[in-house]
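Chain by chain, the residues run as shown.
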Amino acid sequence: MVNVSITKEFTWDMAHMLACHEGLCKNIHGHTYKMQVEVTRKSKDLITSPGNSEEGMVIDFNHLKNIVKDKIIDPLDHAFMYWCQSPDSLEHEIAELLRKHGRKVVTVTYKPTAEEMARNFLEILSHEFDKHDILIRSVKVWETPTSFATAVREE
Ligand SMILES: [Zn+2]
């Protein structure tokens, strides 16, 4: 049996800091993040309903794009990702200052590494795509052009 998946790529710019990091990453800094989302259909390979605009597809690339943009990319783009349980008091002060000035802050409950993001985004997207009969097979998050983390749904 052949199973077809499709993958869409996204990028966004975001600031973070890694508390307790021994190197430069403890400083507030930014990345142009890249993400690939790979999806497949849950029940059958492709949409087969004749006349359906998505016939012959897993899901329309545009449809996929709009959902991921809405749920992940737009909230994160040009934001500071704030770990609310950070052991570094500076991180709380930065988030508070940015908020006070009406700047973009996204609060997360995990240390903002590419690994944790990949896992978190896979969970968010799985929940969202469930209603479209779509399975998120993997989410890959690049922090630099040569370093990325992969989260895979294990059945
Ligand atoms: Zn970084």
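Every chain is numbered independently, its residues counted from 1 as its sequence is written. Restriction of local features to residues with pLDDT of at least 70 applies here, the model being predicted, together with a cutoff of 80 or more for giving and counting side-chain atom pairs; totals for whole chains, interfaces and linings are based on all residues. Values shown for side chains rest on all heavy atoms present in the structure; no hydrogens or waters enter the calculation.

*Asks:* Help me understand the pattern of salt bridges in this model?
*Replies:* Pairing is possible between side chains that carry opposite charge, provided their charged atoms lie close to one another. Any Lys or Arg side-chain nitrogen found within 4 Å of a carboxyl oxygen on Asp or Glu counts as a salt bridge. Summed over the entire model, instances satisfying the criterion amount to 8 salt bridges. A salt bridge links glutamate 116 to arginine 119; the nearest nitrogen and oxygen atoms lie 3.0 Å apart. Separated by 3 residues within a single helix, glutamate 116 and arginine 119 lie in helix H3 (residues 114–129), roughly one turn from each other. We call a residue buried when its accessible area falls under 20% of the maximum for its residue type, exposed when it is over 50%, and partly exposed in between, using a 1.4 Å probe and counting protein chains only. Using a relative accessible area of 25% as the deciding quantity, one classes glutamate 116 as partly exposed. Under the relative-accessibility criterion, arginine 119 is labelled partly exposed at 47%. Three or more residues are tied together by salt bridges with common partners; here these are Lys71, Glu128 and Lys131. Going along the chain from the N terminus, every DSSP run of H or I of four or more residues is numbered as a helix, and every run of E of two or more is numbered as a strand.

*Asks:* Would you explain H3 in this entry?
*Replies:* What a helix should span is 1.5 Å times the count of its residues minus one. Its 16 residues place the ends of H3 22 Å apart at the C-alpha level, agreeing with the 22 Å of an ideal helix rising 1.5 Å per residue. If you check which residues of H3 are buried, you get Ala114, Met117, Ala118, Phe121, Leu122, Leu125, Ser126, Glu128 and Phe129. The buried residues of H3 occupy an angular sector of 160 degrees when projected down its axis, which confines them to one face. Exposed side of H3, more than 90 degrees from the buried face: Glu115 and His127 are the residues found there. The arc in question is traced by the directions running from the helix axis to the C-beta atoms.

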